[in-house]
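A look at the structure
One letter stands for each residue in the lines below.
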Amino acid sequence: MKSLKDENREEMLELLRMMVRIRAFEEKAARLFLDGKLIGFLHLYSGEEAVATGVCACLREDDYITSTHRGHGHCLAKGADINRMMAELYGKATGYSKDKGGSMHIADISKGIIGANGIVGAGIPIAVGAGFAQKYRETDGVAVTFFGDGASNRGTFHEALNMSAALNLPVIFICENNQFGMSTPFAYHSKNKTISQRAAAYDIPGVTVDGNDPIAVRDAAAIAVARARTGEGPTLIECLTWRHYGHFVGDSAPYKKPEDQTIWREKDPIPNFEKRLMKEGVANAAEIDKIQAETEEEIQAAVEFAEESPYPEIDVMFEDLDFSPADRKE
Amino acid sequence: MKSLKDENREEMLELLRMMVRIRAFEEKAARLFLDGKLIGFLHLYSGEEAVATGVCACLREDDYITSTHRGHGHCLAKGADINRMMAELYGKATGYSKDKGGSMHIADISKGIIGANGIVGAGIPIAVGAGFAQKYRETDGVAVTFFGDGASNRGTFHEALNMSAALNLPVIFICENNQFGMSTPFAYHSKNKTISQRAAAYDIPGVTVDGNDPIAVRDAAAIAVARARTGEGPTLIECLTWRHYGHFVGDSAPYKKPEDQTIWREKDPIPNFEKRLMKEGVANAAEIDKIQAETEEEIQAAVEFAEESPYPEIDVMFEDLDFSPADRKE
Amino acid sequence: MAKIITYTQAIREAQDIEMARDSRVFICGEDVGVYGTAFGQTVGLMAKYGPMRVLDTPLSETAITSLGVGAAAVGLRPIVVHDFMDFMGVCMDEVLNQASKLAWMVGGQTRLSMVIRTQAGAGINAAAQHSQSLESFFTHMPGMKVVASSNPADMKGLLESAIRDDNPVIVLENKTLLGMEGEVPEGEYLVPIGKANIAREGSDVTIVSYGMMVNRCLAAAETLAAEGIRAEVIDLRSLVPLDKDAIFESIAKTNRLLIAHEAIGFSGYGAEIAALVAEEALDYLDAPIKRVTAPFTHCPFSPPLENAFVPNEDKIIQAVKTLM
Amino acid sequence: MAKIITYTQAIREAQDIEMARDSRVFICGEDVGVYGTAFGQTVGLMAKYGPMRVLDTPLSETAITSLGVGAAAVGLRPIVVHDFMDFMGVCMDEVLNQASKLAWMVGGQTRLSMVIRTQAGAGINAAAQHSQSLESFFTHMPGMKVVASSNPADMKGLLESAIRDDNPVIVLENKTLLGMEGEVPEGEYLVPIGKANIAREGSDVTIVSYGMMVNRCLAAAETLAAEGIRAEVIDLRSLVPLDKDAIFESIAKTNRLLIAHEAIGFSGYGAEIAALVAEEALDYLDAPIKRVTAPFTHCPFSPPLENAFVPNEDKIIQAVKTLM
Ligand SMILES: Cc1ncc(C[n+]2csc(CCOP(=O)(O)OP(=O)(O)O)c2C)c(N)n1
Ligand SMILES: Cc1ncc(C[n+]2csc(CCOP(=O)(O)OP(=O)(O)O)c2C)c(N)n1
Ligand SMILES: [Mg+2]
Ligand SMILES: [Mg+2]
């Protein structure tokens, strides 16, 4: 594991803060669901925080991301507002979509978040379009797409990687290999030992990193982002990680082996990063506690915001279906 | 190029005969089209005969194949009846489908030909189903799918290769890399230098062979078929080849460079194989002429058969849409 | 003999019986084996029939459906599972251009005996990409049969018939019915495909429906009865082939027609029913045809919006009253 | 000013004008650039606008459509080309769950200004997988507009309007109209989306149609006129949004309705028109509604069968006569 000696202290604390924020958001969402306050499908990102955090640390606001059904972490890491996200889960009018979307459809276009997606693998080629737009406009922006090991077996993965490679687009493919597509183990659904080895099929770089180490993720992403910004094309990064809970809140995950669960719990990215920060003298316990406490407050405020927000008017469901040409921003 | 010394003479002549038959069929079809006797889309296989011929030389009647829009060669090589095929092109009742299908839908289920397909790439995963059926029934049969370089960029390619690898199915993937998907050159539509390198993405063997050499194709296919028959799973074989004409009859192929056309015309599989047979003393000119002459007769007979056949009754278009349970073969 | 089981158990039982009966029948799809799917319709079947006959697959709907097509083309009888109908956009070519056409395109040289089991409907706060009722697409594909059940017994009987059918059949399940209990005959049980069920007799108005919505129509009919309006409720069960005669006979008696379904109205399946009546049975009608459907928008996540989106008894009752 | 050009040239010109006008507009698809597609609708545009604005792509409809979705979501205005509508099964999810829903699902934070150009129709002996008219699918997707043109002028005007529209629009071309010549206004030309065209006035019967079939309806109307039957022919031009009023006003006058389209009838788009009339304008009718459509089967290859499959003037004439 890389030493943190040469790292910027503020950046390190921000990485921790983001991971803690994501975790706190997810744990709160789970609690609220079990308390009957939230409904629908909630796919939690707990355990995978280092991936979104490490990747988005390399991104600017004018870079784009596409996300998945398990998207809260990506959205927070890319700068989405925690209050509006919580309101979205609650089904309230102050949510990002006036609450038509819910957990699986959070987006913040102003922050470059093109959206979570309920169709597994659908976001992958949408990022190709966003990356194409960057190139079309001759910016040095990039597009990043997050997706799972399960999604790596959808045709969209293949078409998107090939197209980005062939057209040399600034797209970065982040595969979150959390070892399962719903109940199906990676070793069952794929014969290949790594997902990164698929990059060779398109003559682009592919790398596998410890997805529970935000520094390893950030370093790999930084290289990929730099390549993309300078016109060197796409990269595939596989991040090995683990989801702490079931596929969705309510799934008890009987298909996970207890011994694996134990091993991976020990690799939990947050306590490990905290220990590392302390051990390497980057932060002390008090500073870390402060981050935890501040985050708790943020989350509490978000819950209050959401609870106090009104439900949307019924007619909202008919909005945003037809934009007349008169509305058009030229 | 491998010596033919150790080859079975009859087999060599059969390889030649099949290539000549396919070529003659295609050239006749083109002529008939230009004479206004045939209509619709005709995608000719001229120039690519060594692929279907070499592969099908390794197959049994109880092996399955799926084919493409450019399927005449595959069907002939797998044993389809030339008369019924010609009738199919003519739109006659004696065609394989009672003439509902036409060129892009020729099939002979009794010969294991599950069908040509008008949707590029659709046949690839259908072969996975046929291969699955072989394994399900515990036969040592295999399923082969033919597809183009263009099709190798469809999601179906990816899903099919991964699924066959993960489930260890007896499927052989034959990519006919004829350098173009319609007008789009391979070097434009794919960054990878070979298509066979995509096999590594699924931890299965992949190999590129000279698709204009029936022996090279047959040898690669023989290895793949043997692996599949003995439960060792799928193989991807890329055959480098060239279509002599445009994408379909009527396409003048302005996108082809004349110099490439010249180079590849010199690699024409049929005259080259004929020369080789003669040079290595496997066959003499008279024997080869005889094959040509016999084939001409076959084709002529097929044309006559087709011309003399009636058009189907109109009501035939309502047949085969609903098989009542009473018809069911138990 | 009958016993009380749930809709989910009826699905499981139908598959179990048919798999025991015919070794060519197998199930394939994501998470159908070890997990028995997130909703439980295949729980226990892998343990009983082994991993080839209850095949867990990679997350590849296109290849899964094609696996079904290829296996069926050579004589097996696959049950392909796509948990949510919404996902079938990703394998639409396989349904539209392969499964529904193959037997016909090859002139009947083979048959394509394949079932696709999938869930339709809203009502579980799953939002726009997990709540659709897209059946009208599949009813516009010659060669494809489409059935939907409003209760556990029909579910069992239709699914068994679908598995034995020599054509591709889409079997629609309704998410909100999975826990519904009902009396279901034991052992082999076949409900004929193509035959509607008069779920309630009446003489004043005909309500045609299918799937989950039938239950809301029945509840509405109960309320209407209290007000003196006797509604006949037809549960189509089979969308293709459609039992036109059942509809025509009923409206010959009632002279009024309401069509109710969960899908969006515009270009929904109800449009075809209305069109057929307007073409072939217009004279029977004493009032305009009415449709009660989801409005022309996407299914919203927020609970009050979703409640307003899914048609309910009240809307059915109001609509019936406008016809009287 | 107007000039005589073909339908294909009209398509090319509309794209050319809009690309010159708005640098956010680009075309992407297989063989659209160097080749100008097999049918020529984009010939010369790559030479004029360069390879980024006329983007040749790999053979990957899913990624092509998604490229459009992603680029549109961030403000570009793609024209996605799928040569044949039949191929759109392979990217149905991208149309159904992404393009049509994205702007709505994100609460209007962005718009999805994207055109999909594709060809419908039979008549060129291209058989079951290259001859379909699948428009009804797309009319069942809220958020998606669908237009179809029966002649070069409308083609140009509808396509330009579609490119300027702030919603996803499917623009249907007809294979058999590609060579059709007609007078087309020069320069920018917009035909409003959502407004039907009374292609021929009449008082005895209303014929509603769109796309290629409009021309057959007009020919039939001509023949009928000789027999004293004055048919009004409505060319819908826009399927979604639908100009209901144009239909209702016409049948208020004629009291008879025939709907003609190339698509299969069952669950075809004509069903929705019939249903709307049966719901909202039944009183106007003095006769049952009639539909003239392709029969419920696949498009056959063999020429005599294909001829029998595609509806023609005779069938329209016969059907009108049954209404009189
Ligand atoms: C196309 C499609 N198929 C299936 C599903 C149901 N589904 C939702 S998430 C999921 C598993 C996804 O696995 P992976 O891509 O590894 O992501 P993870 O959930 O592990 O983050 C499945 C099967 C879906 N939403 N979309
Ligand atoms: C899904 C789909 N997309 C596009 C087409 C149109 N089309 C037919 S053949 C072809 C090119 C196929 O190229 P390749 O796979 O290399 O096969 P080849 O024609 O070279 O044998 C295209 C684009 C189609 N039939 N199906
Ligand atoms: Mg996963
Ligand atoms: Mg090719």
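Because the structure is predicted, anything quoted here is derived from the model rather than measured.

The rules we used
- Residues numbered from 1 in each chain as written.
- Chains lettered and ligands numbered in written order.
- Predicted model: local features only at pLDDT ≥ 70, side-chain atom pairs only at ≥ 80, totals over all residues.
- Heavy atoms only, no water.
- Helix = DSSP H or I, 4+ residues; strand = E, 2+ residues; numbered from the N terminus.
- Rg over C-alpha atoms; globule rule 2.2 N^0.38 Å.
- Buried < 20%, exposed > 50% of the residue type's maximum accessible area, 1.4 Å probe, protein only.
- Contact = heavy atoms within 4.5 Å.
- Areas by Shrake-Rupley, 256 points an atom, 1.4 Å probe, with all protein chains shown as cover.
- Lys, Arg positive; Asp, Glu negative; His and termini not counted.
- Charge placed at Lys NZ, Arg CZ, Asp CG, Glu CD.
- Donors = N, O, S within 2.8 Å, 3.2 Å for Na, K, Ca; no water.
- Phe/Tyr/Trp six-rings, centres within 6.5 Å; stacked < 30°, edge-to-face > 60°.
- Pairing = 2+ DSSP bridges.
- Axes fitted to C-alpha atoms, helices over the stretch in contact; angles between N-to-C directions.
- Disulfide = S-S within 2.5 Å.
- Domains from an automatic or database assignment.
- Buried area = accessible area lost by both parts, 1.4 Å probe.
- Salt bridge = Lys/Arg side-chain N within 4 Å of Asp/Glu carboxyl O.
- Polar contact = N/O pair within 3.5 Å; in protein donor to acceptor, adjacent residues only side chain to side chain.
- Parallel < 35°, antiparallel > 145°, perpendicular 65-115°, else oblique.
- Left-handed = near helix turned anticlockwise from the far one by under 90°.
- Nonpolar A, V, L, I, M, F, W, Y, C, P; charged D, E, K, R; others polar.

1. As for the overall build of chain C
Summing up its helical and strand segments, chain C has twelve helices and 14 strands in all. For chain C, whose C-alpha radius of gyration is 19 Å, the value lies close to the compact-globule estimate of 20 Å for 324 residues. For chain C, buried positions account for 75% of its 324 residues. For chain C, the share of sequence-separated contacts (at least 6 apart) that also reach a separation of at least 24 residues comes to 82%. Looking at chain C as shown, the accessible area adds up to about 8000 Å², and 50% of this sits on carbon and sulfur atoms. In chain C, the 26 positive side-chain charges and the 40 negative ones have mean positions that sit 3 Å from each other.

2. Details of the coordination of the magnesium ion (ligand 4)
Residues and elements named next belong to chain B. Around the magnesium ion (ligand 4), the protein contributes the donor atoms D149 (OD), N178 (OD1) and F180 (O), which lie 2.0 to 2.1 Å from the metal centre. Each donor residue of the magnesium ion (ligand 4) belongs to the same chain, and together they define the spacing D-x28-N-x1-F. Taken together, the residues D149 in the loop between strand 3 (143–148) and helix 6 (155–166) and F180 in strand 5 (residues 180–181) connect sequence positions 31 residues apart.

3. Remarks on the packing of aromatic side chains
Residue and element names in this part refer to chain A. In this structure the tally under the stated criterion is 31 aromatic pairs over all chains. A ring pair is formed by F180 and Y255, whose centres lie 5.3 Å apart and whose planes are at 55°; its orientation type is tilted. Here Y255 lies in the loop between strand 8 (235–240) and helix 9 (258–266) and F180 lies in strand 5 (residues 180–181), a separation of 75 residues in the sequence. F180 gets classed as buried once you look at its relative accessible area, which sits at 9%. Note on Y255: relative accessible area 12%, which makes it buried.

4. Focus: the sheet that holds strand 5 (residues 115–120) of chain C
Sheet strands associate in pairs through backbone hydrogen bonding, adopting either a parallel or an antiparallel arrangement. Residue and element names in this part refer to chain C. Taken in spatial order, the seven strands make up an open sheet running 3-2-4-5-7-6-12, and their pairing is mixed. Lying at the two open borders of the sheet, with one neighbouring strand each, are strand 3 (54–56) and strand 12 (238–240). The average undirected angle you get between the axes of adjacent strands in this sheet is 20°. The sheet contact formed by strand 5 and strand 7 (residues 169–174) spans six bridges and is parallel. The partner of A120 across the bridge, within strand 7, is N174. On top of the sheet, helix 1 (residues 7–21) reaches strand 2 (25–29), strand 3, strand 4 (77–84), strand 5 and strand 7; it is set at about 130° to strand 2, its chief contact.

5. Things to note about the coordination of the magnesium ion (ligand 3)
Residues and elements named next belong to chain A. Looking at the magnesium ion (ligand 3), the protein donor atoms are D149 (OD), N178 (OD1) and F180 (O), and they sit 2.0 Å from it. Along the chain, the residues that donate to the magnesium ion (ligand 3) are spaced as D-x28-N-x1-F. You can see D149 sitting in the loop between strand 3 (143–148) and helix 6 (155–166) and its partner N178 sitting in the loop between strand 4 (171–177) and strand 5, a full 29 residues away along the chain. Side by side, D149 and N178 carry an identical accessibility label, which is buried.

6. So, the state of the cysteines
Throughout the structure, instances matching the rule amount to zero disulfides over all chains. Looking at C75 of chain A, it has no disulfide partner, and the nearest cysteine sulfur is the one in C56 of chain A, 9.0 Å off. In this structure C175 of chain B is not part of a disulfide, and its nearest cysteine sulfur, from C239 of chain B, lies 7.9 Å away. Exposure remark for C175 of chain B: the relative accessible area of 0% places this residue in the buried category.

7. Focus on the domain arrangement of chain C
All names here are of chain C. Split into domains, chain C comes out as domain 1 (2–185) and domain 2 (197–323). A separation of 26 Å is found between the C-alpha centroids of domain 1 and domain 2. In this assembly, 26 residues from domain 1 lie in contact with 23 residues from domain 2. In this assembly, domain 1 packs against domain 2 so that about 1800 Å² is buried in total across both faces, 55% of it on carbon and sulfur atoms. On the surface where domain 1 and domain 2 come into contact, there are one salt bridge. For R237, the salt bridge goes to D154, with nearest N and O atoms at 3.2 Å. At the surface where domain 1 touches domain 2, the tally comes to 14 residue pairs in polar contact (both at pLDDT 80 or more). For the side of domain 1 that touches domain 2, the secondary structure elements donating two or more residues are helix 6 (135–138), strand 6 (145–148) and helix 7 (152–164).

8. Points about the packing of helix 1 (residues 9–34) of chain A against helix 4 (residues 82–90) of chain A
Residues and elements named next belong to chain A. Between helix 1 and helix 4, the least distance of the axes is 12 Å, while the angle of their chain directions is 20°. Here helix 4 runs roughly parallel to helix 1, going by the angle between their axes. Helix-helix and strand crossings are classified by hand; for helix 1 and helix 4 the assignment is right-handed. Residue-level inspection shows R21, F25, K28, A29 and L32 of helix 1 in contact with helix 4, the latter providing I82, M85, M86, L89 and Y90. Grouping the amino acids of the contact of helix 1 with helix 4 by side-chain chemistry returns eight nonpolar, no polar and two charged.

9. Concerning the pattern of salt bridges
By the definition in use, this model includes 92 salt bridges over all chains. Two residues, E279 of chain D and R291 of chain C, come together in a salt bridge whose shortest N-O distance is 3.3 Å. Taken together, the positions of E279 of chain D in helix 10 (residues 269–280) and R291 of chain C in strand 14 (residues 290–294) put the pair across two chains. Overall, the relative accessible area of 12% leaves R291 of chain C in the buried class. Where salt bridges share partners, they join K2, E7, E11, R218 and D219 of chain A into one cluster.

10. Observations concerning the sheet that holds strand 2 (residues 113–115) of chain A
Residue and element names in this part refer to chain A. Spatial ordering of the open sheet is given by 2-1-3-4-8-7, a layout of six strands whose pairing is parallel. Only two strands of the sheet have a single neighbouring strand rather than two, namely strand 2 and strand 7 (206–210). In this sheet, adjacent strand axes meet at a mean angle of 20° when their direction is disregarded. Bridge count for strand 1 (residues 64–66) against strand 3 is three bridges, and the pairing is parallel. Of the residues in strand 3, the one forming a bridge with T66 is T145.

11. Let's talk about the interface of chain D and chain C
In this assembly, 53 residues from chain D lie in contact with 53 residues from chain C. Across the chain D/chain C interface, buried area totals approximately 4500 Å², and carbon plus sulfur atoms make up 65% of it. Counting the surface chain D buries against chain C, the share from its top three residues, H140, F266 and H298 of chain D, is 17%. Run the count over chain D and chain C and you get 30 residue pairs in polar contact (both at pLDDT 80 or more). Going through the elements one at a time, helix 4 (92–99), helix 5 (102–105), helix 6 (135–138), strand 12 (238–240), strand 13 (257–264), helix 10 and strand 14 (290–294) of chain D are the ones with two or more residues in the side of chain D that touches chain C. Examining the composition of the side of chain D that touches chain C, we find that eight residues originate from one element, helix 10 of chain D, more than from any other. Broken down by class, the residue content of the side of chain D that touches chain C amounts to 30 nonpolar, 16 polar and seven charged.

12. Observations regarding the interface of chain C and chain A
Each partner contributes to the interface: chain C provides 35 residues, whereas chain A provides 38 residues. Note on chain C versus chain A: buried area summed over both sides is about 2800 Å², and carbon and sulfur give 68% of it. Broken down residue by residue, the surface that chain C buries against chain A is led by Y35, L59 and F301 of chain C, which jointly contribute 24%. Counting across the chain C and chain A interface gives zero salt bridges. Our count for the chain C to chain A interface comes out at eleven residue pairs in polar contact (both at pLDDT 80 or more).

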